[in-house]
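# Residue-level structure breakdown
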Amino acid sequence: MSGVDEGAGSVSEKYVGTSGTRFRRDPGNTRPRWVRPSLAGLLIATAVLYLWGLSSAGWTNPFYAASVQAGTQDWKALLFASLDPGNGITVDKPPAAMWVMALSGRLFGFTAWSMLMPEALIGVATVALLYGAVRRCAGYAAGLIAGAGLALTPVAALMFRYDNPDALMMLLVVAAAYCVVRALRSPGTRWWSASTGWLALAGVAVGFGFLAKMMQAFLVLPGLALVVLVALPGGFWSRIGKLVTAGSAVLISAGWYVALVQVWPANARPYIGGSTDNSLWDLAVGYNGLGRVLGNKNKHQAASAHAAVTGPDGATAGAHAVATNAPTVAAQGATAATHGTATAAHGASAATHGTDAAVHAQAPHFGGMAHGETGLLRLFQDSLATEFAWLVPAAVIGVLAGLWLTRRAPRIDPARAALILWGGWLVGTWLVLSYMSSSFHTYYTIELTPALAALGAIGGTLLWERRAHVAARVGLGAMSAATGLWVFHLLDETPTWLPSLRWTLVIAGFAMAALLILGISRLRRFGVVVAAVAVIAGLAGPAAYAVETVALPHSGGSPYSGPVRVRGNGFGHDSATRSAPRLDAMLSDAENRWAAAAVGSQQVGAIELRTGASLLAVGGFSGRDDSPTLAQFEQYVADGDVHYFLMNASPQSHGTGRVTTSDEAGAHTTSAHRDTTTTTPPGSAESSTTPQPGRSSAASNPSTSGGRISAWVQAHYTAVTVDGVQVYDLTVPPRN
């Protein structure tokens, strides 16, 4: 932690005084006695919040959890983030986040806790780095407020306890901002100086952020580059040279892995899931890059691959998975009847904490997906703002006031540099999310949270230091009152959840605003109390949502934070825990390269987690990838690499009887319950390519590899229903 909380060195400057005095050097660079206990308290409290109940959080997103498990079983699967230890296909993201979680699994043994524990610690480290970055430009109090603001934002509390790659990406981009701040405060203007080294480290952090979440990590680059051009000490061309150095570091730290995948023989590594040509470059630029911003025009449309893929049991794979034909959702506070059909994306109803609330029939926010019209106000639509936007009023007032107060400051002024850095970060990320053509997961907004927390903290402390002036006090009062009103509005999204909280906080916000404007804050001790209460009132709303987020289990590809609400797919059921004892036993006993294959990786991930077996995800996440081809799959079958092929591959338990297969299918056992196992001959209605509940649409689409393989299997093999799953034994002679 020495790099975070130590002094700023020989060029350290800080704001002092209470009335608009200019900067002066703090000769002793002393640290107030309350700083270290406060910082320790912040980090310990963050760790408790993020680690609380982590062992019972489940697998969260089975798609990535299955890849982490594969990485604990096979080193090549770890290197490429393969979905299976047989190395058939990768997940649709680069591997850096899976590296961290899988190495933890290798060290502690693979469990949900060992997988999620690094994510929680990453969250604590991110808070520490944000504190350090803000503290070096605006002081200790600003750093602590910014760190607390980030830690208590609901979407941060969600994603730092989840196995999606966003946690590692956030650590790396905040680390990049910290390195840029260190460069701004470092002595020397020559190219060969400390500032160049810090900028190179910032580039490395962003590059590895690319290896966590691809181009989403680049959204912060405009803000980082702008502050270097404006506020870095030295001449213009010196700044340009150092910026080029940082850019080169980004390319090298991100490009080495792209090159590794490119030169590695394609037949000796897994297929790059989500790509159209088995290359990481296509995945970065298309599916995970411009395709999401401009709208995909190829078969890997974002809506198909993430928001509207029909997943296990017919539930939509894009939000909290809803258990079908089971009461498990009610146990988490919400019920939803799907009974094998996809939940309607707009207009589904559910019960929240035993009460009814109005359903927005055409709401732009569905579960954990954000839709709606593009534009600057897109992120405020419906309840999307409750994910991240609690500090927007404080941030807007803070950055405007701060830029005005520092308008005559030197070019390299640290406070104004911080406002430029975090303001550029906020504007760039906001514009992309507001105008991207496709829908997006609501948790993408986590990238806005460090900037919002930093801007509010920096602007607030600048106003506080000038509180002897009426204008500064009015600014502080406006910040407190506006935040109180905004928090009231956001809490009103869940009106039956802690209804008195929003009234308490809005009253507190206005009361503190009145005291600040009246000048009570100028009284030394009482003023500190007023300021502390104003900060606590502003953070209490998101803190309550964050605690509720931690208290509730989450699963699926599109989780959302806060209380259970009426938004179609509510809090889900982890399909990896469902009962399918006969099927699981069959797959666990298989010794082939792949125990089974099924179309769509969302379908096989839960089975892999239950059994530890290797399953081949035909067509990747959505079932639409060109891997394997029909010819490749036929060769796999001929070589004995695949034992079974599964349809309806997310099973429901239909009894506890033993499995029976027909003589044609190569039966080995008999059943005490005939209704648990049935034989489906080729050509019957059930084995046709007509879409069925619980089957990925790609499995019935003859234009996809998954569709062609499914049709080939159905034409040559006999299906046997085991625990509600159609199982084709590919080791028996095929039917002609």
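Our structure's up above, just so we're on the same page.
Residues numbered from 1 in each chain as written. Predicted model: local features only at pLDDT ≥ 70, side-chain atom pairs only at ≥ 80, totals over all residues. Heavy atoms only, no water.

Moving on: the overall build of the protein chain. Scanning the protein chain for helices and strands turns up 26 helices and nine strands. Contacts in the protein chain between residues far apart in sequence, at least 24 positions, make up 71% of those at least 6 positions apart. Of the roughly 26,500 Å² of accessible surface on the protein chain, a fraction of 64% belongs to carbon and sulfur atoms. (Helix = DSSP H or I, 4+ residues; strand = E, 2+ residues; numbered from the N terminus. Contact = heavy atoms within 4.5 Å. Areas by Shrake-Rupley, 256 points an atom, 1.4 Å probe, with all protein chains shown as cover.)

It is worth spelling out the packing of helix α25 (residues 630–638) against helix α26 (residues 705–716) at this point. Direction vectors running N to C along α25 and α26 enclose 45°, while the axes themselves pass 9 Å from each other. It follows that α25 is oblique to α26 by the angle criterion. Note that α25 runs across α26; the crossing there is right-handed. Along the contact surface, α25 presents Leu-630, Phe-633, Glu-634 and Val-637, while α26 presents Ser-705, Arg-708, Ile-709, Trp-712 and Val-713. Looking at the contact of α25 with α26, its residues break down into six nonpolar, one polar and two charged. (Axes fitted to C-alpha atoms, helices over the stretch in contact; angles between N-to-C directions. Parallel < 35°, antiparallel > 145°, perpendicular 65-115°, else oblique. Left-handed = near helix turned anticlockwise from the far one by under 90°. Nonpolar A, V, L, I, M, F, W, Y, C, P; charged D, E, K, R; others polar.)

Direction vectors running N to C along helix α2 (residues 35–51) and helix α7 (residues 140–151) enclose 5°, while the axes themselves pass 11 Å from each other. Between α2 and α7, the interaxial angle falls into the category roughly parallel. From α2, Val-35, Ser-38, Leu-39, Leu-42, Thr-46, Leu-49 and Tyr-50 reach across to α7, where they touch Tyr-140, Leu-144, Gly-147, Ala-148, Leu-150 and Ala-151. Considered class by class, the residues forming the contact of α2 with α7 number 10 nonpolar, three polar and no charged.

For Asp-729, the position within the fold is in strand β9 (residues 725–729). Here Asp-729 is buried and forms no salt bridge, its nearest opposite-charge partner Arg-735 lying at an N-O distance of 13 Å. A polar side-chain atom of Asp-729 sits 2.6 Å from a polar atom in the side chain of Thr-731. (Buried < 20%, exposed > 50% of the residue type's maximum accessible area, 1.4 Å probe, protein only. Lys, Arg positive; Asp, Glu negative; His and termini not counted. Salt bridge = Lys/Arg side-chain N within 4 Å of Asp/Glu carboxyl O. Polar contact = N/O pair within 3.5 Å; in protein donor to acceptor, adjacent residues only side chain to side chain.)

So, on to the environment of Gly-612. Tracing the chain through its elements places Gly-612 in the loop between α24 (601–611) and β5 (615–618). Owing to a relative accessible area of 30%, Gly-612 belongs among the partly exposed residues under this scheme. Those residues in contact with Gly-612, other than ones at most four positions away along the chain, are Gln-69, Gln-73 and Ile-607.

Among the surface-exposed residues, Leu-376, Leu-377, Val-427, Leu-431 and Tyr-435 lie close enough to one another that they form a single nonpolar patch of about 490 Å² accessible area. Among the secondary structure elements, Leu-377 is positioned in the loop between β2 (369–370) and α16 (385–388). On the basis of relative accessibility, which here comes to 62%, the residue Leu-377 falls in the exposed class. (Patch = residues over 30% accessible without salt bridge, like charges linked within 9 Å, V, L, I, M, F, W, Y side chains within 5 Å.)

Take the side chain of Thr-90 next. By the element assignment, Thr-90 lies in the loop between α4 (75–80) and α5 (96–108). Looking at Thr-90, its side chain comes within polar contact range of the main-chain nitrogen of Gly-273, at 2.8 Å.

The next point concerns the packing of aromatic side chains. Across all of its chains, the model carries 26 aromatic pairs by this definition. Look at Phe-108 and Trp-113: their rings are 6.0 Å apart centre to centre, the planes differ by 80°, and that puts the pair in the edge-to-face class. Phe-108 sits in the partly exposed class, given a relative accessible area of 48%. Members of the aromatic cluster, connected to one another through ring pairs, are Phe-633, Phe-645, Trp-712, Tyr-717 and Tyr-728. Here the basic side chain of Arg-106 rests over the ring of Trp-75, its NZ or CZ set 3.6 Å away from the ring centre. Positioned above the aromatic ring of Phe-488, the side-chain terminus of Arg-502 is 5.6 Å from the ring centre. (Phe/Tyr/Trp six-rings, centres within 6.5 Å; stacked < 30°, edge-to-face > 60°. Lys NZ or Arg CZ within 6 Å of the ring centre and 35° of its normal.)

Let us now look at the nonpolar core. Membership of the largest hydrophobic core comes to 171 residues, with the highest contact counts inside it found for Trp-422, Leu-587 and Leu-646. Broken down by element, this core gets its largest block of residues, 17 residues, from helix α9 (residues 166–184). Once residues lying within four places of it in the same chain are set aside, the contact partners of Leu-587 are Ala-595, Ala-596, Ile-607, Ala-613, Leu-615, Tyr-644 and Leu-646. If you look at the next biggest cluster of nonpolar residues, it comprises 21 residues, including Leu-616, Val-637, Leu-730 and Val-732. (Core = buried A, V, L, I, M, F, W, Y, C linked by side-chain atoms within 4.5 Å.)

For the rest of this paragraph, the subject is the environment of Ser-555. Tracing the backbone through its elements, the reader meets Ser-555 in the loop between α22 (524–551) and α23 (581–589). Between the C-alpha atom of Ser-555 and that of Ala-57, which follows or precedes it by 498 residues, the distance is 8.7 Å.

The next subject is the pattern of salt bridges. Pairs may arise between side chains of opposite charge once their charged atoms sit close together. The tally for this structure, following the rule as stated, stands at five salt bridges. Residue Arg-502 is joined to Asp-492 by a salt bridge in which the shortest nitrogen-to-oxygen separation is 3.5 Å. One end of the pair, Arg-502, is in helix α21 (residues 499–518); the other, Asp-492, is in the loop between α20 (470–491) and α21, and 10 residues separate them in sequence. Judged by relative accessible area, which is 11%, Arg-502 ranks as buried. For Asp-584, the salt bridge is made with Arg-610, and the minimal N-O distance between the two is 3.0 Å. Within this pair, whereas Asp-584 is found in helix α23, its partner Arg-610 is found in helix α24, the two being separated by 26 residues in sequence. Side by side, Asp-584 and Arg-610 carry an identical accessibility label, which is buried.

In this section: unusual backbone geometry. Cis geometry is adopted by the peptide bond preceding Pro-628, which originates at Ser-627 and carries an omega value of -10°. For Thr-60, which is not glycine, the phi dihedral falls at a positive 55°. Although it is not a glycine, Asn-278 sits at a positive phi angle of roughly 65°. Mapped onto the elements of the fold, Asn-278 is located in the loop between α12 (236–263) and α13 (280–294). Since its relative accessible area comes to 15%, Asn-278 is described here as buried.

For helix α11 (residues 221–231), the full list of buried residues reads Gly-223, Leu-224, Val-227, Val-228 and Ala-231. Each buried residue of α11 sits inside an arc of 130° when the element is viewed along its axis, so together they form one side. Elements in contact with the buried residues of α11: α9, α10 (194–213), α12 and α18 (414–435). (Arc of directions from axis to C-beta.)

Here we come to the pairing of strand β6 (residues 642–647). Of all six residues in β6, six are buried; the element is thus mostly enclosed. As paired strands, strand β4 (residues 594–599) and β6 are joined by four bridges and run parallel to one another. Residue pairing in the sheet places Trp-594 in a bridge with Val-642 of β6. As paired elements, β6 and β9 share four bridges and run antiparallel to each other. Each residue of the ladder has a partner; that of Met-647, found in β9, is Gln-726. (Pairing = 2+ DSSP bridges.)

It is worth spelling out α18 at this point. Across its 22 residues, α18 extends 32 Å between first and last C-alpha, which sits within 8% of the 32 Å expected from 1.5 Å per residue. Most of α18 sits inside the fold, with 18 of its 22 residues counted as buried. (Expected span 1.5 Å × (residues − 1).)

These figures capture arrangement, not role.
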